[in-house]
Amino acid sequence: MKKFGLIVLLVLLFLLCVYPFVFLGQSFSFENGHFDFAIYKRAFTSNMTIRSFWNTMFVCGTTVILSTLVSIPLAWLFTRTNLAFKGFWRTVFCLPYAIPPFIGAIAWIYLANPSNGLLKPLLPWINIYSKTGLIFVMSAFFYTFILINLLSALEKIDPSLEEAARISGASSWHVFSKITIPLVVPSLVSGMLLAFLSAIANFGIAALIGNAAGISMMTTQIFIFQKMASYTGLKLSGILSLGLLLIAAVVFYLDHVISRKFRFSLVTGKVARPSLIDLGAKQFGAQLLLLFLSIIIFILPIGAILIAALSKLQGDRSLSNFGLQNFVTIFSKTDETYRAVGNSAYLAIGAAVLCSLFGYFLSQAGKQLPGRLNKLKEAFVAIPYAVPGTVIALALTLTTLSWKLPLYNTLGIILLAYMAKFLNFSYRIINDGVSQVDQTLIDAAHVAGANSWQTFIRIWMPILRPFLMASFFLVFMPAFSELTMSVLLTGPGNETIGTLIFQLQEYGDASGGGAAVLAFCVLVLIVILNATLKIATKGKYGL
Amino acid sequence: MSAVEFNNVSKDYQGNQILKNISFKINDGEFVSFLGPSGCGKTTSLRMVAGLEKNSSGEISIGNELISSPEKNIFLPTKDRKLGMVFQSYAIWPHMNIFENVAFPLRMMKTTESDIKSKVEEVLSLVELGGLSQRMPNTLSGGQQQRVALARGLVARPRVLLLDEPLSNLDAKLREKMRRDIRQIQQHFKITCIYVTHDQVEAFSMSDRIMIMEKGNILQFDTPTAIRANPANEFVREFIN
């Protein structure tokens, strides 16, 4: 790459991933050139803010604890035992990672709302509009962050570390509690912090369930302040965003410290694990437990969405009430549907292509940048991934406004937000691929007389193809049904699938079941895309 | 009594027979090497003694105790076999200091704290690591880590000490010293040792008897002198040269 190209690349990266947050911070802190204490005082002493802070801490903290308790035994079953149907169960329990959490919230509202929830006849006391409900639905999604982290860490441990303990007379429990768990502490903690971060940044569940339950969370409070559409409102929401940003920063700092303190050199890469624990008679019990859990996490919510999508009138259980009425309404009588599908497809494809390209060039630049600058580059790429979506949305709005870019209320700004948020996925995957390519392969092409462009097309592209595909899918999937940022950035005519489902559910005719129809379509699409990705990359990517 | 005996032991894995009906007996206090090229079944045999792998048929016993027999539905779990093992990768637990690593087998036996202390110190000085007990594993060299592994394998006075290519990650000079030291310690405890290696120099310099294996069969099981004087077949002759 030419020097000029490198500089342009790094400037673009800085403007997309770093500058907006700096700008957000300083534009709210200064009023006429002076540090504005008053607005901080107002933001951080208002009852609403304080309550939303404690609600967020309590709900998300409890979610992480519950998620950890579920993930550890699951991870053990999937990596250390001769559990039957292991691959199938693994996919089932990892899949919620790819499903947008607000769809789960909608499903659980159908299942357990206090007026006509589907589970009401069985469990009369059930009420999803409560702190318990909020924690439950969040846990049902964010445990996947811990589980996936644990699975990869458990697979990397040198098996002889555990075998040595067995030879020393340790029971399965002692091997697990004294050897295995201490060795995966860094991964466990970073999974827990990641789950916490995703939970505090989550908007969909907080809004759909929290609002109805009268539990205000930080993300929903930011949304309310911003929708006040006044300058003060914008300022308050900005400052609360900074608070959220601060929590995220603390979380990342903790992760950094802990992973440093407990860093052991474990064998990297998957290793064959010849001696699995024989579950014996407990095999049946394990299958039953997994079936029960999967019913709660998976089958009930999907069933509820399907029933809601097929019900002409919500709450009516007679057979004549079922039909494709809602599908017809949503797909032939609602203009917004096509606009939203079109917008989301355009945004998701755009973000996936641009992120992959950007990720490729950033990765190639790594070979020419000095080590320290390269580290800085990687940190920049990771920043928006760690920053809560609401904060990204606000920061980009303010930055583009200050540059007088005509992006306010356009799809352009949503595209920028997606790119910032998901660039980290693309970069990591493509960098993984680029670093696997031996330089001699490239040198050989040059010796054979290929120029840079020919090398790119004939050598890089074919080798990187699985990585580029994974990058495309892993940006496309979350972008296609994104809600948190879109809901703050959308304007008239700019609906996305996420915001349309949200509006239908929150403000629209709830009995229509329109939200359920779209949610069901998104679910089907995600399952198909995930399977495609898994097959296309031979199991390396995909759940 | 800690003789080790295999009786018509086979191991099938994914349709391949990786051990073909082998029988042998290792006497109490004997140092035996399993020698052969990779894939010959030597490591599998060792891991079956440990119970880290199960034989598909036949009987394995230690002393007078039958520890594995699929036909009789007997399988003594690894943790109850009272063995010591030294792994190629050392397998020193990185989250415990040297003392705790070595003390682990004793803790599993619920030994008293004062006993643990004296036994660990004793075995550490035997492997020439006295004074390092509070160090963390990542501050030790490869050779020192392997001595920790040896100490951990010996501390609980196991019935048999299993060594799975323990020296192959060390450099040549260190290897020579370790060979002498391991042999000396074995004589000191008069412990039965099974030593897996693909290095014939190692096998010939340390063992009372050597079992040469190829493709899941035993080709020859005899003393080093006898094997040198009288190789069983062309493969053995080639291999030991």
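Keep in mind it's a predicted model, so treat the numbers as computed, not measured.

A. Examining the overall build of chain A more closely. Across its full length, chain A carries 23 helices and 2 strands. The C-alpha radius of gyration computed for chain A amounts to 24 Å, which stays within 12% of the reference 24 Å derived for 543 residues, consistent with globular compactness. With the principal axes as the frame, chain A shows a C-alpha extent of 70 × 65 × 50 Å. By residue count, 53% of the 543 residues in chain A fall in the buried class. Intrachain contacts of chain A at a sequence separation of at least 6 include 79% that bridge at least 24 residues. Just so you have it, chain A exposes about 23,900 Å², and 69% of that area is on carbon and sulfur atoms.

B. Looking closely at the packing of helix α13 (residues 282-310) of chain A against helix α23 (residues 514-536) of chain A. Residues and elements named next belong to chain A. The interhelical angle for the contact between α13 and α23, taken along N-to-C directions, is 135°, at an axis separation of 8 Å. For the element pair α13 / α23, the angle class is oblique. Between α13 and α23 the crossing geometry is left-handed. Counted together, I302, I305, L306, A308 and A309 of α13 and A516, V517, A519, F520 and L523 of α23 form the full contact between these two elements.

C. Layout of the sheet that holds strand β6 (residues 74-75) of chain B. All names here are of chain B. Spatially, 5 strands are ordered β2-β1-β4-β5-β6 in an open sheet, and the strand pairing comes out antiparallel. Strand pairing shows two members of the sheet lacking a second neighbour, β2 (16-26) and β6, which therefore form its edges. Pairing between strand β4 (residues 57-62) and strand β5 (residues 65-69): 3 bridges, direction antiparallel. Of the residues in β5, the one forming a bridge with S61 is L66.

D. Looking closely at the environment of A:A195. Structurally, A:A195 is set in helix α9 (residues 172-201). Here the alpha-carbon distance between A:A195 and A:V64, two residues 131 residues apart in the chain, equals 6.4 Å.

E. Representation of helix α7 (residues 131-156) of chain A in the model. Residues and elements named next belong to chain A. Over its 26 residues, α7 extends 37 Å from the first C-alpha to the last, a length consistent with the 38 Å expected when each residue adds 1.5 Å. A140 marks where α7 bends most, by close to 40°. Of all 26 residues that make up α7, 19 are buried, and the element is covered over most of its length.

F. Focus on the sheet that holds strand β10 (residues 209-214) of chain B. Residues and elements named next belong to chain B. Strand order in the open sheet formed by 6 strands is β7-β8-β9-β3-β10-β11, with mixed pairing between adjacent strands. Strand pairing shows two members of the sheet lacking a second neighbour, β7 (83-86) and β11 (217-222), which therefore form its edges. Adjacent strand axes in the sheet meet at a mean angle of 15°, parallel and antiparallel pairs treated alike. As defined by bridge partners, β10 adjoins β11 across 5 bridges and the pair is classed as antiparallel. Paired with M211 across the two strands is F221, which belongs to β11. Running over the sheet, helix α4 (residues 142-154) touches β7 and β8 (160-164) and is turned about 170° from β7.

The rules behind these values
Residues numbered from 1 in each chain as written. Chains lettered and ligands numbered in written order. Predicted model: local features only at pLDDT ≥ 70, side-chain atom pairs only at ≥ 80, totals over all residues. Heavy atoms only, no water. Helix = DSSP H or I, 4+ residues; strand = E, 2+ residues; numbered from the N terminus. Rg over C-alpha atoms; globule rule 2.2 N^0.38 Å. Buried < 20%, exposed > 50% of the residue type's maximum accessible area, 1.4 Å probe, protein only. Contact = heavy atoms within 4.5 Å. Areas by Shrake-Rupley, 256 points an atom, 1.4 Å probe, with all protein chains shown as cover. Axes fitted to C-alpha atoms, helices over the stretch in contact; angles between N-to-C directions. Parallel < 35°, antiparallel > 145°, perpendicular 65-115°, else oblique. Left-handed = near helix turned anticlockwise from the far one by under 90°. Pairing = 2+ DSSP bridges. Expected span 1.5 Å × (residues − 1). Bend = angle between axes of the 7 residues up to and from the residue.

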